[in-house]
Amino acid sequence: MKVLGFGDNIVDRFVDRGIAYPGGNSVNFAVFARQLGVDASYLGVFGSDAAGTFLRDAVSDQGVDISRSVVREGPSGVSTLTVVDGDRVFGGWNGGGVTVGQPLELDAELLSYAASFDLVHTSVYSATESELPALRETSALVSIDLSSEDEFRSPEYLDRVAPFADLVLLSCSHLTLRQTRAVLADAVDRGAGLAVGTRGIRGAIVFDGRDHVTAPAQPVDDPSTIVDTMGCGDAFVTAFAVSLLTSGWTRSRRPWVGALDTALRDGAGFAARQCLVEGAFGHGVDAGIVPATM
C-alpha cells in the first residue's frame, strides 16, 4: 500500500509557546500514514528560506519520501496559533508562501508518479484543484480535505472538486447533525464517492450515497494529558483512509458498511492519540525561525 500527500506544507507558529512546528494538511497526511506503517511520500513546493529547510528536514526525518518535491525561491507558508483550553486557535496566515503561490503542475512525468500510488490526498489549502481532473483519470484514489469554511462547501467550489474526489472530509463540529447530513449529501450529489463529517466530541459520520454510518469520538483516558488538538482532523482522515485501503477499497470496489464503521473507529482512535502530541508531529523549534508578524 502506498499513499501520497500532494500540496500544502506550512510552519505552525505557536505564539503562546514561542515554538514553531512543521505541518500542513498534505504533509500531515503523509507523516501520519507513515506512522501507521504505510509507505508514504509527499509531493509539493518548499520555500527557499530557513523555514523551508526546517520543513524538508522534519518531513524526511519521519521517513516520508520527498524526492519529487521542489524548492522554489520565496517564503514558506506560516500560520500563527495559540492554545486555549487545549484547543488551537488560528490567528492568521501569510497565504501559504510559494507552496500555494507557485504550486506544482502535474506534467506527464509527475502524473505518472502520482498514478503509482493507491491514494493521493490533498487539501483546499494546496491550490491543487486544477490537477484533480487529471488525477481522477488515473487508477489512484483521490481524497481532499474541505476544512470548515463555508467557501469550500459552496455549490461553485464543490462542483470544481467533488466530481474528481473519491473521498472528501468536512469539519462539521459547528453544525447540527441535520446540517451535517445535508452538507455530506450535497458533496455526494455533486460527485464525491464518500463524504465524511467530523463533529469533534460528537464523533463522525460518513455518507456513501445510500447509507449514513456514524461512530463516536474516542475520549482520551486522562484529559490532563491533552497537549492540543493540532492535527487531530488530519490524523482522523489518514487513519480512516488507510483503514479503507486495508479493507480492499478501490474505485471499482466500494467499501461496505462494516468497513466504513471500522474506518470511522480507526480514525477516532488515531485522532485521540494525536491530542497527546505537540503540534502536528512534534519537531518543535524556537519560533524565531519564522517572522513574528506576517
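Every chain's residues receive numbers from 1 upward, in the order its sequence appears when written. A pLDDT threshold of at least 70 governs which residues receive local features in this predicted model, and a stricter bar of 80 or more applies before side-chain atom pairs are shown or counted, although totals over entire chains, interfaces and linings include all residues. Side-chain descriptors were evaluated using all non-hydrogen atoms of the structure, hydrogens and water having been removed beforehand.

Unusually for a residue other than glycine, Ala-127 sits at a positive phi of about 55°. A helix here means a DSSP run of H or I that spans at least four residues, while a strand means a run of E at least two residues long, and both kinds are numbered starting from the N terminus. Turning to its location among the elements, Ala-127 is positioned in the loop between strand 9 (119-123) and helix 5 (132-136). In the Ramachandran plot, His-283 falls in the positive-phi region, its phi being about 60° despite a non-glycine side chain. You can see His-283 is positioned in the loop between helix 9 (257-274) and strand 15 (285-286). Only protein chains enter the accessibility calculation, which uses a 1.4 Å probe; a residue is then buried when its area is under 20% of its type maximum, exposed when over 50%, and partly exposed in between. His-283 gets classed as partly exposed once you look at its relative accessible area, which sits at 29%.

Another aspect to go through is the side chain of Ser-69. Its location among the elements puts Ser-69 in the loop between helix 2 (50-61) and strand 6 (70-72). The class for Ser-69 is buried, based on a relative accessible area of 14%. From its side chain, Ser-69 meets the backbone oxygen of Tyr-42 in a polar contact 3.0 Å long. By definition in these notes, contact holds between two residues if any of their heavy atoms fall within 4.5 Å. Aside from chain neighbours lying at most four places away, what touches Ser-69 is Tyr-42, Leu-43, Gly-44 and Phe-46. Under the rule applied, a polar contact is a pair of N or O atoms within 3.5 Å (in protein, one hydrogen donor and one hydrogen acceptor; residues adjacent in sequence only if both atoms are side-chain atoms).

Now for the sheet that holds strand 4 (residues 39-43). Two strands make a pair as long as DSSP finds a minimum of two bridges between them. Spatial strand order, 4-1-9-10-11-12-13-14: eight strands in an open sheet with mixed pairing. Looking at strand neighbours, the two that pair on one side only are strand 4 and strand 14 (212-215), the edges of this open sheet. The mean angle between the axes of side-by-side strands here comes to 20°, regardless of whether they run parallel or antiparallel. Two elements, strand 1 (residues 2-6) and strand 9, share three bridges in a ladder whose sense is parallel. Between N-to-C directions, angles span 0 to 180 degrees; the directions come from axes that are lines fitted to C-alpha atoms, helices contributing only their stretch in contact.

Attention now goes to the state of the cysteines. A pair of sulfur atoms, both from cysteines and within 2.5 Å, is called a disulfide here. Using the criterion set out here, one finds zero disulfides in the structure. Looking at Cys-172, it has no disulfide partner, and the nearest cysteine sulfur is the one in Cys-232, 16 Å off. Of all cysteine sulfurs in the structure, the one in Cys-275 sits closest to Cys-232, which takes part in no disulfide; the separation is 3.4 Å. Under the relative-accessibility criterion, Cys-232 is labelled buried at 12%.

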